[in-house]
Amino acid sequence: RDVFLSGWTEVGEKLVKMAEAFPEDKYDYKPTEGVRSFGDVLRHVAFWNGWVAKTARGEKPDGKPNELPKAEFSTKEKIVAALKNSVAEAATELKKQSPSPGAREAGLWGSFISHSSEHYGQLVVYYRLNGLVPPASRGTN
């Protein structure tokens, strides 16, 4: 559990920092047609983070929406808040898990740490295509 919590927290914090630092006027940016915009990717990640939290609680959430509704989460402020809440909610559920999770639980957390990490890498490209340096690549100087 603690290894999963470390990975979950690390990638979640990176995504939140990206969401906070990316200019609001670029949240609709997409590198080409047929892919999600920056904001859409964050709504997608936040949706699935919530799905993970619900699943960890034993609920059976519906995955069909695949992202938070754009009409409800239309601004940077709302998207960032939803992302932060989703990371925290899932972390809270993970902390309740057994110190030695079973295969099902390990699969759930491992899969969604990978999911968030894949989207983190995707958004690094969005940053670079906009001439921006992602927060994690800026260094401490």
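Residues numbered from 1 in each chain as written. Predicted model: local features only at pLDDT ≥ 70, side-chain atom pairs only at ≥ 80, totals over all residues. Heavy atoms only, no water.

Colleague: Give a description of helix α2 (residues 38-56) that names residues and reports values.
Modeller: Between its terminal C-alpha atoms α2 stretches 27 Å, which fits the 27 Å expected from 19 residues at 1.5 Å a residue. Counting buried positions along α2 gives 16 out of 19 residues, so the element sits mostly inside the fold. G58 occupies a position one or two residues after α2 and carries a positive phi of about 95°. (Helix = DSSP H or I, 4+ residues; strand = E, 2+ residues; numbered from the N terminus. Expected span 1.5 Å × (residues − 1). Buried < 20%, exposed > 50% of the residue type's maximum accessible area, 1.4 Å probe, protein only.)

Colleague: Give a description of the side chain of K76 that names residues and reports values.
Modeller: In this structure, K76 sits in helix α3 (residues 76-95). Among buried Asp, Glu, Lys and Arg side chains, K76 stands out as unpaired, with E24 the closest opposite charge at 6.2 Å. Of note is the side chain of K76, whose polar atom sits 2.8 Å from the backbone oxygen of F22. Contact partners of K76, with chain neighbours within four places excluded, come to A19, E20, A21, F22, E24 and Y27. (Lys, Arg positive; Asp, Glu negative; His and termini not counted. Salt bridge = Lys/Arg side-chain N within 4 Å of Asp/Glu carboxyl O. Polar contact = N/O pair within 3.5 Å; in protein donor to acceptor, adjacent residues only side chain to side chain. Contact = heavy atoms within 4.5 Å.)

Colleague: Let's hear about the environment of Y29: which residues, and what values?
Modeller: Inspection of the secondary structure puts Y29 in the loop between α1 (2-21) and α2. On the accessibility criterion, Y29 (23% relative accessible area) is partly exposed. With 37 residues separating them along the chain, Y29 and N66 place their C-alpha atoms 19 Å apart. Those residues within four positions of Y29 in sequence are excluded, and the remaining contacts are R36, S37, F38, Y126, L129 and N130.

Colleague: Describe the packing of α2 against helix α4 (residues 103-129), listing the residues and the values that go with them.
Modeller: Two numbers describe how α2 lies on α4: the axes approach to 11 Å, and their chain directions differ by 170°. Relative to α4, the element α2 lies roughly antiparallel. Along the contact surface, α2 presents F38, V41, L42, H44, V45, W48, N49, W51, V52, T55 and A56, while α4 presents R104, L108, W109, F112, H115, S116, H119, Q122, L123, Y126 and Y127. Across the contact of α2 with α4, the residue classes tally to 14 nonpolar, 7 polar and 1 charged. (Axes fitted to C-alpha atoms, helices over the stretch in contact; angles between N-to-C directions. Parallel < 35°, antiparallel > 145°, perpendicular 65-115°, else oblique. Nonpolar A, V, L, I, M, F, W, Y, C, P; charged D, E, K, R; others polar.)

Colleague: Tell me what's going on with the pattern of salt bridges, and back it up with residues and numbers.
Modeller: Following the criterion strictly, the structure yields 10 salt bridges and no others. Notably, a salt bridge pairs R43 with D40, separated by 2.4 Å at the nearest N-O pair. Here R43 pairs with D40, and both are found in helix α2, just 3 residues apart, close to one helical turn. Looking at D40, the relative accessible area reads 13%, which means it is buried. Linked by salt bridges that have partners in common, R57, E59, E89, E93 and K96 make up one network.

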